[in-house]
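Here are the chains, one letter per residue:
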Amino acid sequence: VGALAAVGQVGATLPVALSEDPGPWPPTEFGGQFGLYWLAVMGMAGSFFALLAATHGSLYAVTPVTVAVGGLIGAGGAAVNVWTADTFNDPEEILGLQLSFHTEGPFRLSRTPSVLGPAGAVGGLAVLAGSWQALPLAVGIVGWFALKPFAEEPALRRAYVSRYRHYRARVARYVDVDQLRNGASDCVFSRRANC
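Rules of the game
- Residues numbered from 1 in each chain as written.
- Predicted model: local features only at pLDDT ≥ 70, side-chain atom pairs only at ≥ 80, totals over all residues.
- Heavy atoms only, no water.
- Core = buried A, V, L, I, M, F, W, Y, C linked by side-chain atoms within 4.5 Å.
- Buried < 20%, exposed > 50% of the residue type's maximum accessible area, 1.4 Å probe, protein only.
- Helix = DSSP H or I, 4+ residues; strand = E, 2+ residues; numbered from the N terminus.
- Contact = heavy atoms within 4.5 Å.
- Lys, Arg positive; Asp, Glu negative; His and termini not counted.
- Salt bridge = Lys/Arg side-chain N within 4 Å of Asp/Glu carboxyl O.
- Polar contact = N/O pair within 3.5 Å; in protein donor to acceptor, adjacent residues only side chain to side chain.

Undergrad: Help me understand the nonpolar core, please; the structure alone is not making it clear to me.
TA: Looking at soluble globular proteins, one finds that nonpolar side chains tend to be buried together. Membership of the largest hydrophobic core comes to 19 residues, with the highest contact counts inside it found for Met44, Phe48, Ile141, Trp144 and Phe145. For this core, the elements supplying multiple residues, two or more each, are helix H1 (2-19), helix H2 (32-55), helix H5 (113-129) and helix H6 (134-170). Once you skip the residues sitting within four places of it in the chain, Trp144 turns out to touch Gln9, Val10, Thr13, Tyr37, Val41 and Met44.

Here is the structure:
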(Lines give C-alpha, C1' and ligand atoms only; values in the text may rest on other atoms or scores of the structure.)
Protein backbone atom coordinates (compact mmCIF):
# COMPACT_ATOMS: atom_id res chain seq x y z
CA VAL A 1 0.00 0.00 0.00
CA GLY A 2 2.77 2.41 0.93
CA ALA A 3 4.75 1.68 -2.22
CA LEU A 4 1.67 2.14 -4.42
CA ALA A 5 0.87 5.42 -2.65
CA ALA A 6 4.46 6.67 -3.08
CA VAL A 7 4.54 5.69 -6.76
CA GLY A 8 1.17 7.42 -7.22
CA GLN A 9 2.38 10.62 -5.56
CA VAL A 10 5.61 10.71 -7.56
CA GLY A 11 3.69 9.84 -10.74
CA ALA A 12 1.24 12.70 -10.16
CA THR A 13 3.86 15.23 -9.04
CA LEU A 14 6.61 14.58 -11.60
CA PRO A 15 4.71 15.71 -14.72
CA VAL A 16 3.75 18.96 -13.00
CA ALA A 17 7.32 19.49 -11.79
CA LEU A 18 8.71 18.94 -15.29
CA SER A 19 6.12 21.09 -17.08
CA GLU A 20 6.75 24.37 -15.18
CA ASP A 21 2.95 24.58 -14.95
CA PRO A 22 1.25 24.81 -11.55
CA GLY A 23 -1.03 22.06 -12.80
CA PRO A 24 -3.49 20.12 -10.72
CA TRP A 25 -0.98 18.57 -8.29
CA PRO A 26 -0.79 19.17 -5.42
CA PRO A 27 -4.46 20.18 -5.43
CA THR A 28 -5.42 23.59 -4.06
CA GLU A 29 -9.16 23.04 -3.64
CA PHE A 30 -11.49 20.43 -2.20
CA GLY A 31 -12.53 17.74 -4.64
CA GLY A 32 -11.60 14.33 -5.94
CA GLN A 33 -7.94 15.18 -6.57
CA PHE A 34 -7.61 16.58 -3.05
CA GLY A 35 -9.06 13.34 -1.66
CA LEU A 36 -6.70 11.20 -3.76
CA TYR A 37 -3.72 13.31 -2.75
CA TRP A 38 -4.43 12.89 0.97
CA LEU A 39 -5.40 9.25 0.57
CA ALA A 40 -1.94 8.65 -0.92
CA VAL A 41 -0.30 10.67 1.88
CA MET A 42 -2.12 8.58 4.49
CA GLY A 43 -1.27 5.38 2.60
CA MET A 44 2.43 6.25 2.72
CA ALA A 45 2.37 7.36 6.35
CA GLY A 46 0.23 4.49 7.65
CA SER A 47 2.30 1.86 5.87
CA PHE A 48 5.55 3.45 7.00
CA PHE A 49 4.54 3.51 10.66
CA ALA A 50 3.20 -0.04 10.48
CA LEU A 51 6.49 -1.25 8.99
CA LEU A 52 8.48 0.60 11.65
CA ALA A 53 6.50 -1.07 14.40
CA ALA A 54 6.52 -4.58 12.90
CA THR A 55 10.02 -4.83 11.44
CA HIS A 56 12.33 -2.69 13.59
CA GLY A 57 15.85 -4.10 13.78
CA SER A 58 15.57 -6.18 10.60
CA LEU A 59 18.36 -4.27 8.78
CA TYR A 60 20.67 -3.65 11.72
CA ALA A 61 20.46 -3.88 15.47
CA VAL A 62 18.83 -0.93 17.13
CA THR A 63 21.49 0.47 19.45
CA PRO A 64 21.77 3.60 21.57
CA VAL A 65 23.78 5.17 18.72
CA THR A 66 21.11 4.50 16.06
CA VAL A 67 18.42 5.68 18.48
CA ALA A 68 20.39 8.88 19.21
CA VAL A 69 21.21 9.65 15.55
CA GLY A 70 17.77 8.75 14.22
CA GLY A 71 16.08 10.45 17.14
CA LEU A 72 18.00 13.70 16.60
CA ILE A 73 17.26 13.73 12.86
CA GLY A 74 13.61 12.82 13.42
CA ALA A 75 13.12 15.30 16.26
CA GLY A 76 14.81 18.02 14.21
CA GLY A 77 12.49 17.32 11.30
CA ALA A 78 9.45 17.31 13.57
CA ALA A 79 10.57 20.61 15.15
CA VAL A 80 10.96 22.22 11.72
CA ASN A 81 7.52 20.91 10.78
CA VAL A 82 5.89 22.41 13.90
CA TRP A 83 7.79 25.69 13.47
CA THR A 84 6.64 25.90 9.85
CA ALA A 85 3.01 25.15 10.75
CA ASP A 86 3.20 27.86 13.42
CA THR A 87 4.23 30.34 10.71
CA PHE A 88 1.09 29.63 8.67
CA ASN A 89 -2.01 31.71 9.27
CA ASP A 90 -4.70 29.04 9.07
CA PRO A 91 -5.26 25.29 8.59
CA GLU A 92 -5.89 25.70 4.84
CA GLU A 93 -2.27 26.69 4.39
CA ILE A 94 -1.08 23.62 6.32
CA LEU A 95 -3.23 21.36 4.14
CA GLY A 96 -2.04 23.10 0.97
CA LEU A 97 -5.46 24.45 0.05
CA GLN A 98 -4.33 28.06 0.19
CA LEU A 99 -1.43 29.32 -1.87
CA SER A 100 0.61 31.59 0.36
CA PHE A 101 4.03 33.18 0.40
CA HIS A 102 5.99 33.46 3.65
CA THR A 103 9.46 34.85 4.27
CA GLU A 104 9.62 34.82 8.07
CA GLY A 105 10.64 32.16 10.59
CA PRO A 106 11.95 28.98 8.95
CA PHE A 107 11.33 30.51 5.51
CA ARG A 108 14.37 32.75 6.14
CA LEU A 109 16.59 29.65 5.97
CA SER A 110 14.72 27.57 3.39
CA ARG A 111 12.08 28.15 0.73
CA THR A 112 10.68 24.70 1.58
CA PRO A 113 10.67 24.05 5.34
CA SER A 114 7.27 22.39 4.97
CA VAL A 115 9.07 19.73 2.93
CA LEU A 116 12.24 19.51 5.02
CA GLY A 117 10.39 18.94 8.29
CA PRO A 118 8.43 15.83 7.35
CA ALA A 119 11.30 14.47 5.22
CA GLY A 120 13.65 14.80 8.20
CA ALA A 121 11.14 13.15 10.52
CA VAL A 122 10.67 10.20 8.15
CA GLY A 123 14.41 9.84 7.52
CA GLY A 124 15.19 9.98 11.24
CA LEU A 125 12.59 7.36 12.08
CA ALA A 126 13.96 5.07 9.36
CA VAL A 127 17.48 5.37 10.82
CA LEU A 128 16.18 4.86 14.35
CA ALA A 129 14.20 1.71 13.48
CA GLY A 130 16.82 -0.08 11.36
CA SER A 131 14.14 -1.72 9.22
CA TRP A 132 15.05 -2.86 5.72
CA GLN A 133 11.33 -3.09 4.92
CA ALA A 134 10.67 0.54 5.93
CA LEU A 135 13.84 1.95 4.37
CA PRO A 136 12.75 1.76 0.68
CA LEU A 137 9.43 3.35 1.56
CA ALA A 138 11.26 6.09 3.50
CA VAL A 139 13.45 6.73 0.44
CA GLY A 140 10.30 7.00 -1.71
CA ILE A 141 8.62 9.38 0.73
CA VAL A 142 11.71 11.60 1.09
CA GLY A 143 12.15 11.56 -2.71
CA TRP A 144 8.57 12.70 -3.16
CA PHE A 145 9.09 15.50 -0.63
CA ALA A 146 12.22 16.58 -2.53
CA LEU A 147 10.19 16.68 -5.78
CA LYS A 148 7.22 18.64 -4.39
CA PRO A 149 8.83 22.12 -4.51
CA PHE A 150 9.38 21.80 -8.26
CA ALA A 151 5.62 21.34 -8.69
CA GLU A 152 4.64 24.06 -6.19
CA GLU A 153 7.07 26.88 -7.00
CA PRO A 154 5.71 27.73 -10.49
CA ALA A 155 2.38 28.73 -8.90
CA LEU A 156 4.19 30.95 -6.39
CA ARG A 157 6.25 32.54 -9.18
CA ARG A 158 3.07 33.38 -11.08
CA ALA A 159 1.17 34.69 -8.08
CA TYR A 160 3.93 36.79 -6.50
CA VAL A 161 6.11 37.59 -9.56
CA SER A 162 8.84 40.08 -8.48
CA ARG A 163 8.53 39.46 -4.73
CA TYR A 164 9.05 35.74 -5.23
CA ARG A 165 11.88 36.30 -7.72
CA HIS A 166 13.68 38.46 -5.12
CA TYR A 167 13.06 35.85 -2.42
CA ARG A 168 14.36 33.02 -4.66
CA ALA A 169 17.54 35.01 -5.31
CA ARG A 170 18.10 35.42 -1.58
CA VAL A 171 17.07 32.07 -0.04
CA ALA A 172 18.05 28.55 -1.14
CA ARG A 173 15.37 25.99 -2.04
CA TYR A 174 16.20 23.46 0.68
CA VAL A 175 18.73 24.82 3.20
CA ASP A 176 20.43 28.19 2.90
CA VAL A 177 23.85 27.31 4.27
CA ASP A 178 25.14 30.86 3.75
CA GLN A 179 22.36 32.27 5.95
CA LEU A 180 23.22 29.75 8.66
CA ARG A 181 26.95 30.39 8.35
CA ASN A 182 26.57 34.18 8.46
CA GLY A 183 24.69 34.12 11.75
CA ALA A 184 21.29 34.96 10.30
CA SER A 185 19.80 32.43 12.68
CA ASP A 186 19.55 35.25 15.24
CA CYS A 187 17.06 36.92 12.93
CA VAL A 188 15.19 33.72 12.12
CA PHE A 189 13.29 33.77 15.39
CA SER A 190 12.68 37.50 15.12
CA ARG A 191 9.65 39.00 13.43
CA ARG A 192 11.61 42.11 12.39
CA ALA A 193 11.26 42.88 8.70
CA ASN A 194 14.84 44.14 8.28
CA CYS A 195 16.59 40.92 9.39
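Right, picking up where we left off after that structure.
Undergrad: Please explain the side chain of Asp176 as it appears in this structure.
TA: Tracing the backbone through its elements, the reader meets Asp176 in the loop between H6 and helix H7 (177-181). Despite its burial, Asp176 remains without a salt bridge, the nearest opposite charge being carried by Arg111 at 7.4 Å. Engagement of the side chain of Asp176 in a polar contact is seen with the backbone nitrogen of Ala172, the distance being 3.1 Å. Excluding residues within four positions of it along the chain, Asp176 makes contact with Leu109, Arg170 and Val171.

Undergrad: Teacher, can you tell me more about the pattern of salt bridges here?
TA: Pairs can form between side chains of opposite charge whenever their charged atoms are close. Per the counting criterion, the structure on display carries 3 salt bridges. A salt bridge links Arg111 to Glu153, with the nearest nitrogen and oxygen atoms 2.8 Å apart. With a gap of 42 residues between them, Arg111 in the loop between helix H4 (91-95) and H5 and Glu153 in helix H6 connect regions that are remote in the sequence. Each of the salt bridges in this network shares a partner with another, and the network as a whole consists of Arg111, Glu153 and Arg173.

Shape is all these values report; function is a separate question.
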